Amino acid sequence: MLFTSLAFLMLLGATFALYYLPFLARFQVFILIVASFVFYASAKPWLLAILVLSCAVNAVSSFGIFRSESLAAQRGWAVLGVSVNLGLLLFFKYSRLLFESVGGDLRQVHGIGGFLLTIPLPIGISFFTFQGISLVVDTFRWKKKGEPIPFFARTFWHHFYNTTFFKAFFPQLIAGPIVKAHQFLPQIARKYFSQLRWDTAFRFLVTGYFLKMVIADNLKDQTFWIAQPYFLSLSTLNLAALLFGYSMQIFADFAGYSLIALGLAELFGYRLPQNFRFPYISRSFSEFWTRWHISLSTWLREYLYIPLGGNRSGAGRTYFNLFTVMFLGGLWHGAAWSYAVWGTVHGVILAAERLVHSDKREAASHWAEHALRIAFVFSLVTMAWLLFKLPHFGDVVGYLKAMAHNARLPISKVMLILIALYSIPVLLYHAHHLYASNNPNRGFLKWHFFFYGAMLFLIAVSSGGSGDFIYFQF
Amino acid sequence: MTSSTSNSERSLIALSLTVFLALFVGYNVAVKIAKPEGLFLQNQAEKNISTAEDYIFEKKAADTVIVGSSLAARLDESYFGKGFRNLSFAGGTAATGLEIIRRHGTVPKVVLVETNLIRDLDTAFVEAQYQPLSLFLKRYLPSAQAKYRPVNLLLGGLRSKTGTESVVPDANVFANLLANQQSDYSRLPDQDWLRHSTGVLAREVDSLMARGVKVIFFVMPINAILEDSPKARNQLEEYQRVFPPSRYLWIDSLPGEYITADGIHLVPQSARTYAGLLRKRLESGPL
């Protein structure tokens, strides 16, 4: 179910109304679980079985840790929980890739093997699996410290109930933000209509829907041409503009989704972590990864990079850890090697950046240098998105060759104008943040209502054709 | 339920909604009064929606309606003059256009069916156009129609100043595109699916013929290499099996010098030439 569909708005309206009815207050969490199940199962009801299985695995293993007295038993439960989580992800998401990578031919596999290898990817599995791992690991860490765990229910069934809610809560179920157990579980409590932060929810929702429906959905119809054989006949300038447009689109799509998720959660009294912080003003790649898909990068840091040793075990080990995290982070995005290459490219650049800047402190520099660095980081990030858009390496090479050879082809001005028109709001969104952070006493805050009104107007009259969120496929 | 929303929160939301309402009402009234023509459409999907909307909101169907895929969509209505409507859809097929004709209150006298490509009837697209709420909004609010989106008004104005863009293909690029098409046209479609799709088409055609519509089949010119390919021959044979020329009206190929942009889509000059010949053939008497 898409956040932009009429069916979703009806589900949201009904859930919201029931949720705040005083005589149903005891059932608030139950209402949200049911709504989340309807949301998740609307397209393929059988997917619900996988979600419930995943919830059960995490509830049992984390409760096992909670109830165990010895460290060995706690460790055993933790290893079991993480392994089953990864096993589910590996099976549903990567079995086909692994099979084909060792030379297997799906057309030759029949019966149960063929069935298992061709099961469609359960939507959102990458996200809810990572949330499940965070629950198991967080519980283990707290328990190891020997302190009472503030977010843990006393009985198994209550814990299972909370775990199901934590993993299935519909605003973040399909594409994040990846919420960690210690961020979400302590928030579970009765919520009051009178405490609703309308202003915050309104800002998140309007900006999110605007980015998704007006920017990403319209740019999608332009970047459609980044596909074989269409890009072959486009000029170098158009191909560069398309890449730029895709960079804007993927930001608007994912940041838009995340903002909608934050706004929806606010409507039910829950606060989800910020997922994007104006990534295209980053002056370095390390800064980029503190601004882009923050919930994933912090998850990878907390649950993979630091456990691997982080940067505490010498330069060689640090670089190895960096590559490993970025390689796996890339592969997390999709079951194709191009995603792993995309992650590795980022890993290489991060390593190079670390090497160059390892002993230098960030010095205050001229605005022109800042601008150049922003442009440099943005250009490389944008080039790397090609691996996202074109999962076949041959097509990526073909696109780059076309960029090199098609300089003399006629330029489609209309395409340039459309990409520019739909990219301007994303650029202004970033520029406004830069301006606002440098001018704390900004005077035009009082005119914000005009921008929100204009965004609402454009959502109503200028939305593009509804399309899946790009990150749904991950 | 009570709310302790602060005044500043209330004012942000209320003021934003006021701005929205002012812009929305003002825009719709302006478009209703100005009724701008010759608007720009941003992409294929939008063009398809706008083509369908224009047909659905027409009180009386045009005398002659063309249905088909992106190949026939190249035949701009202006090439024919009055009385023609082109209900062809890029990425679609004749069956989709026929279904929209069937649902309209009135029927045209003649329907021209392009037979180059066979695809499934796009029921999702048709249902989306006839969705009651959307239909209601589009009827009374111009901004709900694809062609009246603000960017289309803006670019429509710009295009009238800059003219249309050149689409004559570069030789190397054309060779690449043709090679891609050759690869596609060398493979036969699944025959069960093909028979199913032409079966759907036959029901659409028969239902219109039963209402007195004259249905005429034609083949858009494509590159000679592709014309003689397994896929093109197979699809035409299937069409002629379901709609045999002995029982259905067919227009023979209209010889001419045609240039395509990619092997199958005519460039505008050739599309104009072909449209002229097609019109002459229709006017020249019985088929």
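Reading the values: the criteria
- Residues numbered from 1 in each chain as written.
- Chains lettered and ligands numbered in written order.
- Predicted model: local features only at pLDDT ≥ 70, side-chain atom pairs only at ≥ 80, totals over all residues.
- Heavy atoms only, no water.
- Helix = DSSP H or I, 4+ residues; strand = E, 2+ residues; numbered from the N terminus.
- Rg over C-alpha atoms; globule rule 2.2 N^0.38 Å.
- Buried < 20%, exposed > 50% of the residue type's maximum accessible area, 1.4 Å probe, protein only.
- Contact = heavy atoms within 4.5 Å.
- Areas by Shrake-Rupley, 256 points an atom, 1.4 Å probe, with all protein chains shown as cover.
- Pairing = 2+ DSSP bridges.
- Domains from an automatic or database assignment.
- Buried area = accessible area lost by both parts, 1.4 Å probe.
- Salt bridge = Lys/Arg side-chain N within 4 Å of Asp/Glu carboxyl O.
- Polar contact = N/O pair within 3.5 Å; in protein donor to acceptor, adjacent residues only side chain to side chain.
- Axes fitted to C-alpha atoms, helices over the stretch in contact; angles between N-to-C directions.
- Parallel < 35°, antiparallel > 145°, perpendicular 65-115°, else oblique.
- Left-handed = near helix turned anticlockwise from the far one by under 90°.
- Nonpolar A, V, L, I, M, F, W, Y, C, P; charged D, E, K, R; others polar.
- Core = buried A, V, L, I, M, F, W, Y, C linked by side-chain atoms within 4.5 Å.
- pLDDT = per-residue confidence, 0-100.
- Patch = residues over 30% accessible without salt bridge, like charges linked within 9 Å, V, L, I, M, F, W, Y side chains within 5 Å.

Caption draft 1: Structural detail: the overall build of chain A. The number of helices and strands found in chain A is 20 helices and 0 strands. For chain A, the C-alpha radius of gyration of 23 Å lies close to 23 Å, the compact-globule estimate for 474 residues. Taken over the C-alpha atoms alone, chain A extends approximately 70 × 55 × 55 Å along its principal axes. Taken across its 474 residues, chain A has 55% of its residues classed as buried. Taking all contacts inside chain A whose residues are at least 6 apart in sequence as the whole, residues at least 24 apart take part in 78%. For chain A, the exposed area adds up to about 20600 Å²; of that, 68% sits on carbon and sulfur atoms.

Caption draft 2: Representation of the sheet that holds strand S4 (residues 214-218) of chain B within the structure. All names here are of chain B. What the 5 strands build is an open sheet, ordered S2-S1-S3-S4-S5; its pairing is parallel. One side of each edge strand has no neighbouring strand; the edge strands of this open sheet are strand S2 (84-86) and strand S5 (249-250). Where S4 meets S5, 2 bridges bridge the pair, whose relative direction is parallel. Residue Phe217 lies in a different strand from S5, and its bridge partner there is Trp250.

Caption draft 3: Summary view of the domain arrangement of chain A. Residue and element names in this part refer to chain A. For chain A, the assigned domains read domain 1 (6-193) and domain 2 (198-473). Relative to domain 2, the C-alpha centre of domain 1 lies at a distance of 27 Å. Tallying the contact residues gives 44 residues for domain 1 and 35 residues for domain 2. Buried surface at the junction of domain 1 and domain 2, summed over both partners, amounts to about 3300 Å²; 69% is from carbon and sulfur atoms. Of all residues in domain 1, the largest losses of buried area upon contact with domain 2 belong to Phe130, Pro177 and Lys180, amounting jointly to 17% of the total for that side. At the surface where domain 1 touches domain 2, the tally comes to 0 salt bridges. Here domain 1 and domain 2 share 13 residue pairs in polar contact (both at pLDDT 80 or more) between them. For the side of domain 1 that touches domain 2, the elements supplying multiple residues, two or more each, are helix H1 (6-19), helix H2 (28-41), helix H4 (71-101), helix H6 (125-145), helix H8 (170-173) and helix H9 (181-184). At 8 residues, H6 tops the list of elements feeding residues into the side of domain 1 that touches domain 2.

Caption draft 4: Structural context of the pattern of salt bridges. Residues and elements named next belong to chain B. Evaluated as defined, the whole model comprises 23 salt bridges over all chains. We note a salt bridge from Lys231 to Asp184, for which the minimum N-O separation is 3.1 Å. Here Lys231, found in helix H11 (residues 230-242), pairs with Asp184, found in helix H8 (residues 171-185); they are 47 residues apart in sequence, far enough to count as distant. For Asp184, a relative accessible area of 28% corresponds to the partly exposed category.

Caption draft 5: Local environment of the packing of helix H3 (residues 47-67) of chain A against helix H7 (residues 156-168) of chain A. Residues and elements named next belong to chain A. Packing of H3 against H7 leaves a shortest axis separation of 9 Å and a crossing angle of 130 degrees. Here H3 lies oblique to H7, going by the angle between them. In terms of crossing hand, the pair formed by H3 and H7 is right-handed. Touching Leu51, Ser54, Cys55, Ala56, Asn58, Ala59, Val60, Ser62 and Phe63 of H3 are Phe156, His159, Phe160, Thr163, Thr164, Lys167 and Ala168, all from H7.

Caption draft 6: A look at the interface of chain A and chain B. Counting residues at the interface gives 39 residues for chain A, matched by 33 residues for chain B. Contact between chain A and chain B buries roughly 3300 Å² in total, counting both sides, with carbon and sulfur atoms accounting for 72%. Together, Phe449, Phe457 and Val461 of chain A form the three largest contributors to the area buried by chain A at its contact with chain B, with a combined 18%. At the junction of chain A and chain B, the tally comes to 0 salt bridges. Between chain A and chain B we count 6 residue pairs in polar contact (both at pLDDT 80 or more) in total. Every element with two or more residues in the side of chain A that touches chain B is listed here: helix H10 (198-223), helix H19 (413-438) and helix H20 (448-462) of chain A. Sorting elements by how many residues they give to the side of chain A that touches chain B places H20 of chain A first, with 11 residues. Here the side of chain A that touches chain B is composed, by residue class, of 24 nonpolar, 11 polar and 4 charged.

Caption draft 7: Focus on unusual backbone geometry. Residue and element names in this part refer to chain A. With an omega of -5 degrees, the peptide bond running from Gln228 to Pro229 counts as cis. Note on placement: Pro229 falls in the loop between H10 and helix H11 (236-267). A positive phi angle is found at Phe278, which is not glycine, with a value near 50 degrees. Tracing the backbone shows Phe278 in the loop between H11 and helix H12 (285-288). Phe278 gets classed as buried once you look at its relative accessible area, which sits at 16%. For His293, which is not glycine, the phi dihedral falls at a positive 40 degrees. Summarising the element assignment, His293 is placed in the loop between H12 and helix H13 (294-305). Of the residues examined, His293 reaches a relative accessible area of 0% and is grouped as buried.

Caption draft 8: Inspection of the packing of H2 of chain A against H7 of chain A at higher detail. Residue and element names in this part refer to chain A. One way to put it is that H2 packs onto H7 with a least axis distance of 10 Å and a crossing angle of 50 degrees. With respect to H7, the element H2 is oriented oblique. With respect to the hand of their crossing, H2 and H7 are arranged in left-handed fashion. On the side of H2, the interface is formed by Val29, Phe30, Leu32, Ile33, Ser36 and Phe37, while H7 contributes Tyr161, Thr164, Phe165 and Ala168. Of the residues assigned to the contact of H2 with H7, the class counts are 8 nonpolar, 2 polar and no charged.

Caption draft 9: Representation of the nonpolar core in the model. Phe268, Tyr270, Tyr280, Trp385 and Tyr399 of chain A are the most contacted members of the largest nonpolar core, which totals 153 residues. With 19 residues, H11 of chain A is the largest single contributor of residues to this core. Looking at this core, you find at least three residues from each of domain 1 (6-193) and domain 2 (198-473) of chain A. Other than its neighbours up to four places away in sequence, Tyr399 of chain A contacts Ile226, Phe231, Leu239, Leu242, Leu243, Leu386 and Leu390 of chain A. Counting 36 residues, the second-largest nonpolar core is a separate cluster that includes Ile101, Phe125, Ala202 and Val213 of chain B.

Caption draft 10: Here's a closer look at H13 of chain A. Within H13 of chain A, 9 of the 12 residues are buried, leaving the element largely enclosed by the surrounding structure. When H13 of chain A is considered as a whole, its buried residues turn out to be Ile294, Ser295, Leu296, Ser297, Thr298, Trp299, Leu300, Tyr303 and Tyr305 of chain A.

Caption draft 11: Region of interest: the pairing of S4 of chain B. Residues and elements named next belong to chain B. Of all the 5 residues making up S4, 4 are buried; the element is thus mostly covered by neighbouring parts of the structure. When strand S3 (residues 110-114) meets S4, the two strands line up parallel, connected through 5 bridges. Along S4, the bridge assignment pairs Glu114 with Phe218.

Caption draft 12: Layout of the pairing of S3 of chain B. Residue and element names in this part refer to chain B. In terms of burial, S3 is largely enclosed, as 5 of its 5 residues are buried. Residues Val110, Leu112 and Glu114 point to one face of S3 and Val111 and Val113 to the other, with burial holding for every one of them. As judged from the 4 bridges shared by strand S1 (residues 64-67) and S3, these two strands associate in the parallel manner. Along S3, the bridge assignment pairs Ile66 with Leu112.

Caption draft 13: Just the confidence of the model for chain A, in detail. In the predicted model, chain A carries a mean pLDDT of 88, and 95% of its residues have values of at least 70. Highest mean pLDDT in chain A belongs to H11 of chain A (95); lowest belongs to helix H5 (residues 111-117) of chain A (74).

Caption draft 14: Main features of a nonpolar patch on the surface. All names here are of chain A. On the surface, Leu90, Leu98, Phe327, Leu328, Trp337, Val341, Val345 and Phe393 cluster together into a nonpolar patch covering about 620 Å² of accessible area. Of all the elements in the fold, those that place two or more residues in the nonpolar patch are H4, helix H14 (315-333) and helix H15 (337-357). With 3 residues, H15 is the single largest residue contributor to the nonpolar patch. Secondary-structure assignment places Trp337 in helix H15.

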